[in-house]
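# Overview (structure and organization)
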Amino acid sequence: MMILSVADVVSRALGAPVLGLKELSEVFLLVCVGAALPLAILGGRSIAIEGLVDRFPRRLRLAVTWAGIALSILMLAILGWSLVGASANARDFAETSALLLIPYAPLYLFLAVAHFVAAVAVAIHAFGAFRKDVTEVS
């Protein structure tokens with residue numbers, strides 16, 4: 001993506017812009033972010049701000065943690081479902097990018113799958129944390 005951006009800037013500076021480089025960069029960014037979301041969650045690389053929650057009593061801390069996990073799974077599933085709808089709309093209206101005519105429907109569908117996989121990843125990560133918590137208490 002960086003090479004595409006540099007090529008875009010250089011070509012514009014030389015007065016001969018290469019059309020479509022910005023669109024390609026956007027598509028690559030979309031694919032990278034969509035693929036990275038579930039991988040980051042499974043790798044435990046998501047951001048958690050626990051300064052306040054760590055001061056709660058154990059039961060309240062567990063309740064808040066599990067509520068956060070449930071809300072994360074719900075939010076990712078809702079986003080995935082709405083992206084499925086966006087994909088269907090983009091397909092029905094034949095939405096494409098302006099210059100390269102890249103169809104949007106498969107991109108929306110890719111993001112939908114990424115969000116569904118991320119929801120499953122949150123559940124897997126939570127189950128692993130739960131098992132670790134149970135074995136430490138036992």
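Above: the structure in question.
The following refers to the structure shown.

About the criteria used
Residues numbered from 1 in each chain as written. Predicted model: local features only at pLDDT ≥ 70, side-chain atom pairs only at ≥ 80, totals over all residues. Heavy atoms only, no water. Helix = DSSP H or I, 4+ residues; strand = E, 2+ residues; numbered from the N terminus. Buried < 20%, exposed > 50% of the residue type's maximum accessible area, 1.4 Å probe, protein only. Contact = heavy atoms within 4.5 Å. Lys, Arg positive; Asp, Glu negative; His and termini not counted. Charge placed at Lys NZ, Arg CZ, Asp CG, Glu CD. Expected span 1.5 Å × (residues − 1). Arc of directions from axis to C-beta.

### What about the overall build of the protein?
When helices and strands are counted, the protein shows 4 helices and 0 strands. Taken from N to C terminus, the helices and strands of the protein fall in the order α-α-α-α. With the C-alpha coordinates of the protein rotated into their principal frame, the extents come out at 70 × 35 × 20 Å. A buried classification covers 22% of the 138 residues belonging to the protein. Partitioning the contacts of the protein with sequence separation of at least 6, the portion at a separation of at least 24 is 69%. In the protein, 10 positive and 9 negative side-chain charges are present, and the distance between their average locations comes to 11 Å.

### A word on helix α1 (residues 2-13)
If you check α1, its first and last C-alpha atoms are 16 Å apart, about what 12 residues at 1.5 Å a residue would give, namely 16 Å. Burial in α1 covers these residues: Leu 4, Asp 8 and Ser 11. Down the axis of α1, the buried set is contained in an arc of 75 degrees. They therefore lie on one face. α1 presents Met 2, Ile 3, Val 9 and Ala 13 as exposed residues on the side facing more than 90 degrees away from its buried surface. Against α2 (21-42) lie the buried residues of α1. Of the residues flanking the end of α1, it is Gly 15, one or two places downstream, whose phi is positive at about 80 degrees.

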